[in-house]
Amino acid sequence: MTAERSDGPILRWLRTRSDRVSRKLTEEQCTLLAQKPPEASIAPRPETSAVILHHSATPDGSVSLFRVLHRAVFGWDDVGYHFVIGNGSFSPDGAVEEGRPREATGAHARGFNEKSLGICLVGDFSDSMPTPCQVSSLADLLSELLRIYGLGAEAILLHREVPGCVTECPGALFTRKYLESDILPPVR
Ligand SMILES: [Zn+2]
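**Some thoughts on the sheet that holds strand β4 (residues 116-121)**
Turning to step 1, where the next piece is worked out: If you walk across this open sheet you meet the five strands as β3-β2-β4-β1-β5, and the pairing is mixed. Both outer strands of the open sheet, β3 (96-98) and β5 (156-158), are each paired with one neighbouring strand and no more. Across the sheet, the axes of successive neighbouring strands diverge by a mean angle of 25 degrees, strand direction being ignored.
Turning to step 2, where the next piece is worked out: Sheet topology note: the strand β1 (residues 50-55)/β5 ladder contains three bridges and is parallel. In the sheet register, I52 faces β5, and the bridge partner there is L157.
Turning to step 3, where the next piece is worked out: Contacts from helix α4 (residues 132-149) reach β1, β2 (83-85), β3, β4 and β5 within the one sheet, and its direction differs from that of β4 by about 170 degrees.

What follows is the structure, given as structure tokens:
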């Protein structure tokens, strides 16, 4: 396969993630799609009773790259997650990047999007662990979100724990035991 036009960094990343990338898509269009869309285009979420944890299942990424993937390839209005926590690849290690507005309905857990927030950690936790900076940022973000929405730690779900979802996300090494022992603050 030959590259007819010069792919820029976004298109090169996109092509490694999906074989459904349109041949007509240009780096310039990708750069536009990487921008946050107008918030008016995103439906408000009626309820917040869960916070769902995901991994990107990719070694690298950032909110803007996932935004391009979700908009250009999946055809969604915006990136599916509310937050993305970087691993030092395309965003700083442990950086918490905002995806969809916190009050918007996300696209990350089928059947649960109307009542949950979605957090994605960059990485593939079927064969590696989150970085210490990601763990620390996730712990801080979770405690802030639980406080804002008046939720207890039982509201935090791994994607594969969501009823009806058939997925390994957030990876076999990211277990409930790991969440409870290494990430959640001790129960007082
Ligand atoms: Zn997931």
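**Describing the pairing of β1**
Turning to step 1, where the next piece is worked out: The buried count for β1 comes to five of six residues, which makes it a mostly enclosed element.
Turning to step 2, where the next piece is worked out: Where β1 and β4 come together, six bridges link them in parallel fashion. Across the sheet, H54 pairs through a bridge with C120, a residue of β4.

**A word on the nonpolar core**
Turning to step 1, where the next piece is worked out: Counting residues in each nonpolar core, the largest one holds 33 residues, and the members touching the most others are V68, V84 and I119.
Turning to step 2, where the next piece is worked out: Where this core is concerned, the elements lending two or more residues are α1 (9-17), α2 (27-33), β1, α3 (63-73), β2, β4, α4 and β5.
Turning to step 3, where the next piece is worked out: The element that contributes the greatest number of residues to this core is α3, accounting for six residues.

The rules behind these values
Residues numbered from 1 in each chain as written. Predicted model: local features only at pLDDT ≥ 70, side-chain atom pairs only at ≥ 80, totals over all residues. Pairing = 2+ DSSP bridges. Helix = DSSP H or I, 4+ residues; strand = E, 2+ residues; numbered from the N terminus. Axes fitted to C-alpha atoms, helices over the stretch in contact; angles between N-to-C directions. Contact = placed C-beta atoms within 7 Å. Buried ≥ 20, exposed ≤ 12 C-beta atoms within 10 Å, placed from the backbone. Core = buried A, V, L, I, M, F, W, Y, C linked by C-beta atoms within 7 Å.

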